[in-house]
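Each chain, written out:
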Amino acid sequence: GWVTVVVGDEESNTERFNQYNPILLTDYDEYKPQGTYRTSGLTESGGSRNLTLAGYYFGFSEANIEIFIGDTECPLVDGSLGEVSAESLGLESTDVTISKITCIIPAGTGANNQVELYRSGLSTFVNTEAGDEYIYLDYAYPAIDTLSPPNVTTTGGNVTIKGDNFGTDLKKAAVYLGSVELDVQSADYDHGNMVVNVPEGEGQAKKLYVTVDSQTTVLDPNSGETETITYQPPTVDSLSVTTLTTKGGDVTVTGSN
């Protein structure tokens, strides 16, 4: 841009200045996402998890910085903007300040959520031609702990799936029993709970597919290590007759499934 100083009626000459986009360092594990994150963004004990980024041209005002993970803002930790010494990173000293800042991981879903840092509206600069890389954050695949009930009658019914990493956006979830899509209920849907409606049907156990934001977990009854949703086997309550003549005859079977 260009800058001119005006004092009263006097105006200075105009000089050009460079306003650089922020640049993130991508070669240091301590300044990148670590593994995968629960869709709640929390630890198993319910505490928050943080992400610290380092790089150049962050500026000197925390108020001018925003960090986004995908489309979701990552709230800054107050007072976390600071400097990193080049020596601690194994770099030669430079006139450009290396900064770091920390944010609190928000709830989210899916893999390859791009991490972006903005300074006064200027987005992160990534020179891919020079081999620079983007930073991505992955949320964990859905985890299934229990199915209640694990079986339904042949007329169908609701099953509660408890686990983790379901997110909170019902539109991003899909559940299939074999090739049949199950209706995911809006009531009580959250990171660790979902209710699905199983339509009428019959037959042996089929694979259960639980997908959240394109990440799919499969329960395979043929693996011998897990159970899935099944239909109850037929039950005979009574027979209209229990003996027949040698000529045969009709028998009415009363029962269910």
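Residues numbered from 1 in each chain as written. Predicted model: local features only at pLDDT ≥ 70, side-chain atom pairs only at ≥ 80, totals over all residues. Heavy atoms only, no water.

Q: Before we go on, may I ask you to explain the sheet that holds strand 11 (residues 98–104) in this structure?
A: On the basis of which strands lie adjacent, the open sheet formed by four strands has the order 5-7-11-10 and antiparallel pairing. Bordering the open sheet on either side are strand 5 (23–24) and strand 10 (82–83), each of which pairs with just one other strand. Across two bridges, strand 10 lies against strand 11 in antiparallel orientation. Bridge pairing in strand 11 links Glu83 to Ser99. (Pairing = 2+ DSSP bridges. Helix = DSSP H or I, 4+ residues; strand = E, 2+ residues; numbered from the N terminus.)

Q: Quick question: what am I supposed to make of the packing of aromatic side chains here?
A: Geometrically, a pair of aromatic rings is defined through the distance of the ring centres and the angle of the planes. Inspection of every chain in the model, using the stated rule, returns four aromatic pairs. Plain terms: the ring middles of Phe68 and Tyr118 are 5.9 Å apart, the flat faces sit at 90 degrees to each other, and that makes the pair edge-to-face. Placement of Phe68 in strand 8 (residues 65–69) and of Tyr118 in strand 12 (residues 113–119) is noted, with a sequence separation of 50 residues between them. With relative accessibility at 21%, the residue Phe68 sits in the partly exposed group. Between Tyr134 and Tyr136 the ring centres are 6.3 Å apart and the planes differ by 50 degrees, which places this aromatic pair in the tilted class. (Phe/Tyr/Trp six-rings, centres within 6.5 Å; stacked < 30°, edge-to-face > 60°. Buried < 20%, exposed > 50% of the residue type's maximum accessible area, 1.4 Å probe, protein only.)

Q: Would you take a moment to explain the pattern of salt bridges for this structure?
A: One side chain can pair with another of opposite charge once the charged atoms of both are near each other. A complete count under the given rule lists five salt bridges for this structure. A salt bridge links Lys32 to Asp29, with the shortest nitrogen-to-oxygen separation between them at 3.9 Å. With a shortest N-O distance of 4.0 Å, Asp220 and Lys207 are connected by a salt bridge. Taken together, the positions of Asp220 in the loop between strand 21 (215–219) and strand 22 (230–231) and Lys207 in the loop between strand 19 (193–198) and strand 20 (208–212) put the pair 13 residues apart, joining distant regions of the chain. Residue classification places Lys207 among the partly exposed residues on the basis of a relative accessible area of 34%. Among the charged side chains, a salt-bridge network with shared partners connects Arg38, Glu44 and Asp164. (Salt bridge = Lys/Arg side-chain N within 4 Å of Asp/Glu carboxyl O.)

Q: Can you walk me through the sheet that holds strand 18 (residues 180–184) in this structure?
A: Strand pairing in a sheet relies on backbone hydrogen bonds, with the paired strands running either antiparallel or parallel. Pairing is antiparallel across the open sheet formed by seven strands, whose spatial order is 14-16-19-18-17-20-21. If you trace the sheet from one side to the other, it starts and ends with strand 14 (143–148) and strand 21, each paired once. In this sheet, neighbouring strand axes are inclined to one another by 30 degrees on average, regardless of whether the strands run parallel or antiparallel. Pairing geometry for strand 17 (residues 173–177) and strand 18, over three bridges, is antiparallel. Across the sheet, residue Val175 finds its bridge partner in strand 18, namely Leu182. (Axes fitted to C-alpha atoms, helices over the stretch in contact; angles between N-to-C directions.)

Q: So what exactly am I meant to see when it comes to the nonpolar core here?
A: In summary, soluble globular proteins display a tendency toward joint burial of nonpolar side chains. One finds Met194, Val196, Leu208 and Ile229 to be the most contacted residues of the largest nonpolar core, which totals 21 residues. Of all the secondary structure elements, the ones that give two or more residues to this core are strand 14, strand 16 (157–164), strand 17, strand 18, strand 19 and strand 20. Ignoring anything within four residues of it in the chain, the contact list for Met194 reads Val159, Thr160, Ile161, Phe166, Val175, Val184, Tyr189 and Val210. With 17 residues, the next largest nonpolar core counts Leu24, Leu51, Ile67 and Ile101 among its residues. (Core = buried A, V, L, I, M, F, W, Y, C linked by side-chain atoms within 4.5 Å. Contact = heavy atoms within 4.5 Å.)

Q: It is not clear to me how the side chain of Arg119 should be interpreted in this structure. Could you clarify?
A: Mapped onto the secondary structure, Arg119 falls in strand 12. Despite its burial, Arg119 pairs with no opposite charge, the nearest such side chain being Glu66 at 11 Å. Within polar-contact distance, the side chain of Arg119 engages the backbone oxygen of Tyr57 at 2.6 Å. (Lys, Arg positive; Asp, Glu negative; His and termini not counted. Polar contact = N/O pair within 3.5 Å; in protein donor to acceptor, adjacent residues only side chain to side chain.)

Q: Sorry if this is basic, but what is going on with the environment of Phe58 here?
A: Note on placement: Phe58 falls in the loop between strand 7 (50–56) and strand 8. For the pair formed by Phe58 and Arg119, sequence separation is 61 residues and the distance between their alpha carbons is 6.3 Å. Look past the residues within four positions of Phe58 in its chain and what remains in contact with it is Pro22, Ile23, Leu24, Leu53, Ile65, Leu81, Ser99, Lys100, Ile101, Leu117 and Arg119.

Q: Explanation requested: the environment of Ile144 in the structure shown.
A: Following the sequence through the fold, Ile144 ends up in strand 14. Sequence spacing of Ile144 and Thr217 is 73 residues, and the spatial spacing of their C-alpha atoms is 8.1 Å. The contact partners of Ile144, leaving out residues within four places of it in the chain, are Ile161, Lys162, Gly163, Val210, Thr217 and Leu219.

Q: Is there a simple way to explain the state of the cysteines in this structure?
A: What is meant by a disulfide is a covalent connection between two cysteines, made through their sulfur atoms. In total, this model carries one disulfide according to the counting rule given. Across the disulfide from Cys74 sits Cys103; the S-S distance is 2.1 Å. Between Cys74 and Cys103 the disulfide shows an S-S torsion of about 85 degrees. By sign, it is right-handed. One end of the pair, Cys74, is in the loop between strand 9 (72–73) and strand 10; the other, Cys103, is in strand 11, with 29 residues separating them in the sequence. (Disulfide = S-S within 2.5 Å.)

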